[in-house]
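Tertiary structure, described
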Amino acid sequence: MISYSIRQAKPEDISQIMKVEKNAFIPQIQEEEKVFSKRIELCPSLFFVFEADEKIFGYFCAEYLSKVPEKPDELKLGHTPEDSLATKKILYISSFAILSDFRGQGLGKKLWADAVKKLEEKKPEKIFLLVNKVWTGAKHIYEQSGFSVLKTFPMFFPTDTNELSDGILMVKNLD
């Protein structure tokens, strides 16, 4: 496994973060640069980058929310994070990605565990995320780290074939 470090994202990392975003996700579900910049600004202690040889090869970002969303619109692309001081009880993992060249080595599972551990140190009551139904490998990693299915949002994620796939809302209770 490669040697890497995890650190808090900085505004000057945005171009490398966007490179990862464009490599990891189809255009229909890529966030815009301004969204990531706002997340770094509002939730700096919840946005991490993964580096090897001083190059960013992945990122992990989360944000505080006042409640677990009940409707899919509350998690749509481009939403603005709430004020990070609003609550520290519920964390939403809004995105996690690594470059394709770094996949298939077990690294994603290790990075995921390291990043979730950093979130757990914030002492939230719950951490939740939204995963595409077709991303079975990712869902399996999340389940192995203690997340369980809370609900399904039918036809949530666009696909590269212009169809829609279900979004699965997963939660990890820590209280």
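Here strand 3 (residues 55-65) lies mainly inside the structure; ten of its eleven residues are buried. The pairing of strand 2 (residues 47-52) with strand 3 spans six bridges and is antiparallel. Across the sheet, the residue bridging to Val-49 is Tyr-59, located in strand 3. The turn joining strand 2 and strand 3, which pair antiparallel and follow one another in sequence, is formed by two residues; a positive phi near 50° is taken by Asp-53. Summarising the sheet, strand 3 and strand 4 (residues 90-98) pair through eight bridges and their orientation is antiparallel. When the bridges of strand 4 are listed, Tyr-64 appears paired with Leu-91.

Let us look at the sheet that holds strand 7 (residues 164-173). On the basis of which strands lie adjacent, the open sheet formed by seven strands has the order 1-2-3-4-5-7-6 and mixed pairing. Two strands lie at the open edges of the sheet, namely strand 1 (5-8) and strand 6 (148-158), each paired on one side alone. Mean inter-strand twist for the sheet, computed between neighbouring axes without regard to direction, equals 25°. Pairing of strand 1 with strand 2 involves four bridges; the strand directions are antiparallel. Along strand 2, the bridge assignment pairs Arg-7 with Val-49. Where helix 1 (residues 14-24) meets the sheet, it contacts strand 2, strand 3 and strand 4, and its direction lies at approximately 90° from that of strand 3. Seen against the sheet, helix 3 (residues 107-120) touches strand 1, strand 2, strand 3, strand 4, strand 5 (126-132) and strand 7 and runs at an angle of roughly 155° to strand 4.

Basis of the calculations
Residues numbered from 1 in each chain as written. Predicted model: local features only at pLDDT ≥ 70, side-chain atom pairs only at ≥ 80, totals over all residues. Heavy atoms only, no water. Buried < 20%, exposed > 50% of the residue type's maximum accessible area, 1.4 Å probe, protein only. Helix = DSSP H or I, 4+ residues; strand = E, 2+ residues; numbered from the N terminus. Pairing = 2+ DSSP bridges. Axes fitted to C-alpha atoms, helices over the stretch in contact; angles between N-to-C directions. Contact = heavy atoms within 4.5 Å.

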